[in-house]
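# Topology and contacts: notes
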Amino acid sequence: MEPAHKDLLQQIARLSETYGNLADRLSQAAKQLQDSGLPPSDSLLQEVATYSRNFATLQKQAIELNKSAIAPGEIASLKDIQNLVETAAASEGIAEMRDAALKVLDRVLAIAHREQSDFAPLQSVHAKARELQRAISESTPTQLHSDAESLVSGKHPVAAVLALVEQQDKLDDEQWVFLEETVSAAFGKQIAVAISRGKLTIAEMAKAAPAKVEPALKPAPEPKISAEPLPEVIIIPSGNVAPKQVAVAPQIQILESPAPSVPMHEVIIVPSVEVPQSLKTTGSGNIVFGAPREIQQVPVEGALGIKVLVHIQGIGDRTFGAQEYAGTKGQGRRVEGFQINIDPPIPGLNVEYMAHVEGVGDTPWIGAGELAGFRGQAKRIEGFAVRLNGPQADKYDVFYSAHIQNIGDTDVSSNGEYCGTRGKALRIEGIKVWIAPSASSQTAAPVGLKVLAHIQGIGDRTFSDREYAGTKAQGRRVEGFQIKIEPPVPGLNLEYMAHVEGVGDTAWISEGDLAGFRGKAKRIEGFAARLTGPQADKYDVFYTAHIQNVGDTPVTANGQYCGTRGKGLRVEGMTIWVEPKA
């Protein structure tokens, strides 16, 4: 209870102590006035006046403390004042508990995976946190949500996730086991494993820097950019209009061009400067210091030409091509509508699509060139799907993905599969769409792999597909591994699991994530790999292992287990490759 509430209740108690005695004397004086006409004494009248002033003061303080629109006339008694203060005190405690619970949820929503922006177990934790955040925020001022107290005390599974991530180095074994069991029971073993391996972290929000900040420690001087002040910035309009000049501002934000095919309305020319060596490889958006970055865009062989128009919050309509990212990232702008055209047209092939729109739900499937969503209504697209129809549709597949608020890039969806969320109030900030010849009409492309093995006493070493990853006759265990399709193949993904000493079977994890551990001296005793995605049925994944006291295993494929369990035998090396199906 706040000191102000406690002090006011103490004043009410002291005033109530005089209430009974004063009432008795007033009753006696009233009887004397009625029987003999004797007026009340001056001292009694003075006490009544003092009581009235004290009552009015407490009445005013109680109303101000409650921060409500209650009129003084509605507080007619000392008991009314006491009830009002007690209600205000209770509401203050509820508000504090609510604020503390919301701060816990804010920290949970700031948890991110170091390597996978779309780590599914963490998404389920975030979904639960957002659900609680909404429910607690919408609860009435006098009613505390049932989960708020357990969030603050750390007993709720969502709070247990936060405690494991934030305090893992400070927890003793008993606390760790309790929290890990709580998290595993609520959200699955995979997220507990990710936490134990240090894969999750708190993504702190960057704070805006003040206009001028003097560093506590001055670094070694960089080469000077320019000794002279910059001249004015020249802006050249696209039409036949005289150039205009503006003074250089302390902070200049340069927006990206929406697409290479769309002309800029104004070109901003900034005087050239000498770039420090430390910035030569730095780039942001379309602004690059030094040599341009090589952006790896894997073209889809035989892909059709399409035009994707998106209506972006605060920007309007912008048009993009096949496999171009249509939207924004890192700007918090929602896609409010989109339309797709095959360009140039293919006889016998048509495209149609639908969207899940804020406050509307799923739209019907609509034809090429029609807008899915709205202009000018500030409604976000939360998900969508695309499919092909017409006599030529069986010869092609349509693929698409999205960038979603708080989630990041989705996996690639295809041929009418829904891509996005429903009921989570998360905006789509960009989409990517392309059409390619179907699996039945094209030959499967070769698939390359990059295999990283963490080897006892050696550390990380990287190998290619079909290359033996590990050692032989050295008694060194493989302690962890990760596999990645390199270069990426659209519609094809890889997953794998491992049997780890003292842990058992891990969950199936996505390519690029480490199966096993670094720095814990635990051997891999067996593993398996499998392919997923729309193109998975066109390929097989094969693998073998070299096992202590056993030697090379037979070739295993497509999710079958390779190795031993319960024999204490280490895997000393592995070979893995992918082949198109015959």
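## Thoughts on the nonpolar core
Membership of the largest hydrophobic core comes to 38 residues, with the highest contact counts inside it found for Phe481 and Leu494. For this core, the elements supplying multiple residues, two or more each, are strand S22 (449–455), strand S25 (478–485), strand S26 (493–500), strand S30 (524–532), strand S31 (539–547) and strand S35 (571–580). When sequence neighbours within four positions are dropped, the list of residues in contact with leucine 494 reads Leu449, Ile483, Ile485, Ile509, Ser510, Glu511, Ala529, Arg530, Leu531, Thr532 and Val541. Core analysis: the second largest hydrophobic core is formed by 37 residues, Phe320, Ala326, Leu349 and Ile366 among them.

## Things to note about the sheet that holds strand S8 (residues 306–312)
Paired through backbone hydrogen bonds, the strands of a sheet run either parallel or antiparallel to each other. Spatially, four strands are ordered S9-S8-S11-S15 in an open sheet, and the strand pairing comes out antiparallel. Edge positions in the sheet fall to strand S9 (316–321) and strand S15 (372–373), since each has one partner strand and no second.

## A short note on the packing of helix H7 (residues 173–187) against helix H8 (residues 189–196)
Between H7 and H8, the shortest axis-to-axis distance is 7 Å and the interhelical angle comes to 140 degrees. For the element pair H7 / H8, the angle class is oblique. Facing H7, whose interface residues are Trp176, Glu180, Val183, Ser184 and Phe187, H8 presents Lys189, Ile191, Ala192, Ile195 and Ser196. When its residues are assigned to classes, the contact of H7 with H8 shows six nonpolar, two polar and two charged.

## Things to note about the pairing of S8
On a regular strand, one side chain projects to one face of the sheet and the next to the other, so that they alternate. Counting buried positions along S8 yields six of seven residues, so the element is predominantly enclosed. In the sheet, S8 pairs with strand S11 (residues 335–342) via seven bridges, with the strands oriented antiparallel. Residue pairing for S11: lysine 307 is matched across the bridge by asparagine 341. As paired strands, S8 and S9 are joined by six bridges and run antiparallel to one another. Across the sheet, the residue bridging to valine 308 is phenylalanine 320, located in S9. Counted between consecutive antiparallel strands, the loop separating S8 from S9 contains three residues, among which glycine 314 sits at a positive phi close to 75 degrees.

## Observations concerning the confidence of the model for the protein
In the predicted model, the protein carries a mean pLDDT of 79, and 76% of its residues have values of at least 70. Long-range and interchain partners of residues 205–298, a stretch whose pLDDT sits below 50, account for 74 contacts in this model, where long-range means more than four residues apart.

## Comments concerning the packing of aromatic side chains
Under the counting rule described, the total for this entry stands at eight aromatic pairs. Residues phenylalanine 527 and tyrosine 543 carry aromatic rings whose centres are separated by 5.4 Å and whose planes lie at 45 degrees to one another, so their mutual orientation is tilted. Within this pair, whereas phenylalanine 527 is found in strand S30, its partner tyrosine 543 is found in strand S31, the two being separated by 16 residues in sequence. These aromatic residues form a ring-pair network of at least three members: Phe338, Tyr353, Phe384 and Tyr400.

## Focus on the sheet that holds strand S29 (residues 515–516)
Across the sheet, which stays open at both edges, the four strands sit in the order S23-S22-S25-S29 with antiparallel pairing between neighbours. Edge positions in the sheet fall to strand S23 (459–464) and S29, since each has one partner strand and no second. As judged from the two bridges shared by S25 and S29, these two strands associate in the antiparallel manner. Residue phenylalanine 481 lies in a different strand from S29, and its bridge partner there is alanine 515.

## So, the pattern of salt bridges
The full count for this structure, using the stated rule, is 26 salt bridges. The shortest N-O distance in the salt bridge between lysine 199 and aspartate 513 comes to 3.5 Å. Of this pair, lysine 199 sits in the loop between H8 and strand S2 (200–202) while aspartate 513 sits in the loop between strand S28 (509–510) and S29; the two residues are 314 residues apart in sequence, bridging distant segments of the chain. Connected through salt bridges with shared partners, the residues Glu115, Arg197, Lys199 and Asp513 form a single ionic network.

## As for the side chain of serine 401
Examined against the element boundaries, serine 401 turns out to sit in strand S17 (residues 396–404). Setting aside residues up to four positions removed in sequence, serine 401 forms contacts with Phe384, Thr410, Asp411, Val412, Cys419, Gly430, Ile431 and Lys432.

## Some words on the packing of helix H6 (residues 157–167) against H7
A pair of packed helices is captured by two measures, namely the crossing angle of their axes and the spacing between those axes. For the pair H6 and H7, interaxial distance at closest approach is 9 Å and the crossing angle is 130 degrees. When the axis of H6 is compared with that of H7, the two are oblique. The way H6 lies across H7 gives a crossing that is left-handed. Here Pro157, Val158, Ala160, Val161, Ala163 and Leu164 of H6 lie close against H7, whose contacting residues are Trp176, Leu179, Glu180, Thr182, Val183, Ala186 and Phe187. Of the residues assigned to the contact of H6 with H7, the class counts are eleven nonpolar, one polar and one charged.

## As for H8
The set of residues buried in H8 consists of Ile191, Ala192, Val193, Ala194 and Ile195. Of the surrounding secondary structure, the elements contacted by the buried residues of H8 are helix H4 (120–138), H6, H7 and S2. Looking at the residues trailing H8, positive phi occurs at glycine 198, about 75 degrees.

## Considering H7
One full turn of an α-helix is made of 3.6 residues, so residues set three or four places apart face in the same direction. Across its 15 residues, H7 extends 21 Å between first and last C-alpha, which sits within 8% of the 21 Å expected from 1.5 Å per residue. For H7, the complete set of buried residues consists of Trp176, Leu179, Glu180, Thr182, Val183 and Phe187. Looking straight down H7, one finds its buried side chains confined to an arc of 160 degrees; they lie on one side. Turned more than 90 degrees off the buried face of H7, the exposed positions are Asp173, Glu174, Phe178, Glu181 and Ala185. In this structure, the buried side of H7 is in contact with H4, H6 and H8. Where H7 starts, the residue carrying a side-chain oxygen 3.2 Å from the main-chain nitrogen of glutamate 174 turns out to be aspartate 172. Looking one or two residues beyond H7, the residue adopting positive phi is glycine 188, at roughly 100 degrees.

Definitions and cut-offs
- Residues numbered from 1 in each chain as written.
- Predicted model: local features only at pLDDT ≥ 70, side-chain atom pairs only at ≥ 80, totals over all residues.
- Heavy atoms only, no water.
- Core = buried A, V, L, I, M, F, W, Y, C linked by side-chain atoms within 4.5 Å.
- Buried < 20%, exposed > 50% of the residue type's maximum accessible area, 1.4 Å probe, protein only.
- Helix = DSSP H or I, 4+ residues; strand = E, 2+ residues; numbered from the N terminus.
- Contact = heavy atoms within 4.5 Å.
- Pairing = 2+ DSSP bridges.
- Axes fitted to C-alpha atoms, helices over the stretch in contact; angles between N-to-C directions.
- Parallel < 35°, antiparallel > 145°, perpendicular 65-115°, else oblique.
- Nonpolar A, V, L, I, M, F, W, Y, C, P; charged D, E, K, R; others polar.
- pLDDT = per-residue confidence, 0-100.
- Phe/Tyr/Trp six-rings, centres within 6.5 Å; stacked < 30°, edge-to-face > 60°.
- Salt bridge = Lys/Arg side-chain N within 4 Å of Asp/Glu carboxyl O.
- Left-handed = near helix turned anticlockwise from the far one by under 90°.
- Expected span 1.5 Å × (residues − 1).
- Arc of directions from axis to C-beta.
- Polar contact = N/O pair within 3.5 Å; in protein donor to acceptor, adjacent residues only side chain to side chain.

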